[in-house]
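Spelled out from the first residue to the last, the chains are:
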Amino acid sequence: MKTSEAAPLRARAEIDLAALRANVRALRAHAPGAQLMAVVKADAYGHGALPCARAALAAGARWLGTATPEEALALRAAGIPGRIMCWLWTPGGPWREAVEADLDLGVSGLWALREVTAAARAAGVPARVQLKADTGLGRNGCSPADWPELVAEALRAEAAGLLRITGLWSHLACADEPGHPSVVPQLARFREMVGYAEERGVRPEVRHIANSPAALTLPDSHFDLVRTGIAMYGLSPSPELGAPADFGLRPVMTLAASLALVKHVPGGHGVSYGHHYVTPGDTTLGLVPLGYADGIPRHASGAGPVLVGGKWRTVAGRVAMDQFVVDLGGDEPPVGSEAVLFGPGDRGEPTAEDWAQAAGTIAYEIVTRIGTRVPRVHVNVNAEREA
Ligand SMILES: *Cc1c(COP(=O)(O)O)cnc(C)c1O
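With an unreviewed UniProt entry as reference, the protein is termed Alanine racemase, source organism Streptomyces griseoaurantiacus. Recorded under Catalytic activity (unreviewed entry), the UniProt text for the protein is reproduced unchanged: "L-alanine = D-alanine". As recorded by UniProt, the Cofactor (unreviewed entry) comment attached to the protein reads in full: "pyridoxal 5'-phosphate".

Shown next as structure tokens:
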């Protein structure tokens, strides 16, 4: 199943790796002075971690980033070379495996520093540690008050040969809201916390704080590296910031299904659980074999858009676990016809952003939640003849 012309499937998420590579190149042009970390956590936001990691590296990403160590270890086990960073640790995590796999490990507190130091001693190999500062996000990261102690202890472990402090980093809270007043103070706090560590003797390879919205719109945030997720998948971090095309980005995922049934029903016919939709007159219904088990949000009941036979249709009634219905208004596309839920938008289909709005969420959640029952079909896998 290498191309979209393969045997018809119930449903498929087609992943255009040429678009992903072009997005990586566009992002590098937005942040020309910085290295790029391709964030491939959560199975590359639902796009398939391994093929996306390979495509991002082919297009010039220097780093890969994941949330959990298990995600990073899986990339390494699959033979992905180079720098891979992971940052979401809990006590008793696979520190030793991570040290031996030569990963870069985000450390936000003393408990983590102690566990990584013990693992490095046991492994007999120094760990690569990136100290994370909470500059105002209020989530993970070391508070300014605790920073001196974390820096001091990390420097002692570095002097003992147990680790190398490879990075100082943080994360922005509101980079996706144009002009948000938290951005400037967060950047100032980051400079202070980096400055403090460097004065004490930390020599990081990379200092970084920018996510996709910051990479696209806040050049002051680029430092040595930008960590891009959503933009690499061709989606805008927020419609307030602009559409993907405004940044030279193209959506990578197209979600489509084959109509499982087309039938005539009279007016006044209830549709799907609860009969929240009742046909306004004689019409045809199309059955789309995708449901909330596949990641179609139940909150998009009565609202989600679908392209069928060249026309936008709307989810009629409730999204069920495995299927939903669209009112085809009397049209009779053959059973098996393609129903496109979202894609880049240039064939007239809706976008993931349209689904996000229909479901009251963000496009990140739409693509990331597409379930494992939907095969990912990667196309344009090879980068030949590209710029
Ligand atoms: C997920 C994540 C990113 C990527 O965010 P996008 O908005 O998708 O670019 C960057 N850094 C950290 C720490 C993350 O968890």
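Asker: Looking at this model, I keep getting lost on the UniProt feature "binding site: substrate" (unreviewed entry) in the protein. Mind explaining?
Answerer: If you check UniProt for "binding site: substrate" (unreviewed entry), the listed places come out as Arg139 and Met321 in our numbering. Across 183 residues, the annotated set is spatially dispersed, with a maximum C-alpha separation of 33.1 Å. Lining the largest pocket, from this annotated set, are Arg139. Along the polypeptide, Arg139 turns up in the loop between strand 6 (127–132) and helix 7 (147–159). On the basis of relative accessibility, which here comes to 60%, the residue Arg139 falls in the exposed class.

Asker: Honestly, the sheet that holds strand 1 (residues 11–16) in this entry has me stumped. Any pointers?
Answerer: Hydrogen bonding along the main chain pairs the strands of a sheet, whether they run parallel or antiparallel. If you walk across this open sheet you meet the nine strands as 11-14-17-16-15-18-10-1-19, and the pairing is mixed. Where the open sheet ends on each side, the last strands, each with one partner, are strand 11 (261–265) and strand 19 (376–379). Averaged over all neighbouring strand pairs, the angle between strand axes comes to 35°, with direction disregarded. One ladder, built from two bridges, connects strand 16 (residues 311–316) with strand 17 (residues 324–327); its direction is antiparallel. In the strand pairing of strand 17, Ala316 is matched with Val325. Across the sheet, helix 1 (residues 17–30) touches strand 1 and strand 19, and the angle it forms with strand 1 is around 40°. Of the strands in this sheet, strand 15 (305–308), strand 16, strand 17 and strand 18 (338–342) touch helix 10 (residues 352–359), which is tilted by about 135° from strand 15.

Asker: Sorry, what's going on with the domain arrangement of the protein here?
Answerer: Note: interface size is frequently given as the accessible area lost on complex formation between the parts. The domains assigned to the protein are domain 1 (17–234) and domain 2 (253–379). Taking the mean C-alpha position of each, domain 1 and domain 2 sit 38 Å from one another. Listed as interface residues are ten residues of domain 1 and, on the opposing side, seven residues of domain 2. Carbon and sulfur atoms supply 62% of the area that domain 1 and domain 2 bury against each other, a total of about 800 Å² over both sides. In terms of surface lost to domain 2, no three residues of domain 1 exceed Gly46, His47 and Ile230, which account for 52% of the buried area on that side. Inspection of the region where domain 1 meets domain 2 yields zero salt bridges. On the surface where domain 1 and domain 2 come into contact, there are three residue pairs in polar contact (both at pLDDT 80 or more). Contributions of two or more residues to the side of domain 1 that touches domain 2 are made by helix 1 and helix 2 (41–46). Grouping the constituent residues of the side of domain 1 that touches domain 2 by class yields seven nonpolar, three polar and no charged.

Asker: Sorry if this is basic, but what is going on with the packing of helix 7 against helix 8 (residues 183–199) here?
Answerer: For any two helices packed against each other, the geometry comes down to the angle between their axes and how far apart the axes lie. At a minimum axis separation of 10 Å, helix 7 and helix 8 run at an interaxial angle of 35°. Read as a crossing pair, helix 7 and helix 8 show a hand that is right-handed. Residues Trp147, Pro148 and Val151 of helix 7 lie in contact with helix 8, whose contacting residues are Met193, Tyr196 and Ala197. Counted by class, the contact of helix 7 with helix 8 contains six nonpolar, no polar and no charged residues.

Asker: Which parts of the structure should I look at to understand the UniProt feature "domain: Alanine racemase C-terminal" (unreviewed entry) in the protein?
Answerer: Following the UniProt record, one finds the feature "domain: Alanine racemase C-terminal" (unreviewed entry) at residues 252–379. A distance of 10 Å separates the end C-alpha atoms of residues 252–379, which is 11% helix and 34% strand.

The rules behind these values
- Residues numbered from 1 in each chain as written.
- Predicted model: local features only at pLDDT ≥ 70, side-chain atom pairs only at ≥ 80, totals over all residues.
- Heavy atoms only, no water.
- UniProt positions renumbered as here; feature names shortened; annotations may be inferred.
- 1 Å grid on protein atoms, 1.4 Å probe; cavity = no way out; pocket = protein on both sides within 12 Å on 5 of 7 lines; lining within 4 Å.
- Helix = DSSP H or I, 4+ residues; strand = E, 2+ residues; numbered from the N terminus.
- Buried < 20%, exposed > 50% of the residue type's maximum accessible area, 1.4 Å probe, protein only.
- Pairing = 2+ DSSP bridges.
- Axes fitted to C-alpha atoms, helices over the stretch in contact; angles between N-to-C directions.
- Contact = heavy atoms within 4.5 Å.
- Domains from an automatic or database assignment.
- Buried area = accessible area lost by both parts, 1.4 Å probe.
- Salt bridge = Lys/Arg side-chain N within 4 Å of Asp/Glu carboxyl O.
- Polar contact = N/O pair within 3.5 Å; in protein donor to acceptor, adjacent residues only side chain to side chain.
- Nonpolar A, V, L, I, M, F, W, Y, C, P; charged D, E, K, R; others polar.
- Left-handed = near helix turned anticlockwise from the far one by under 90°.

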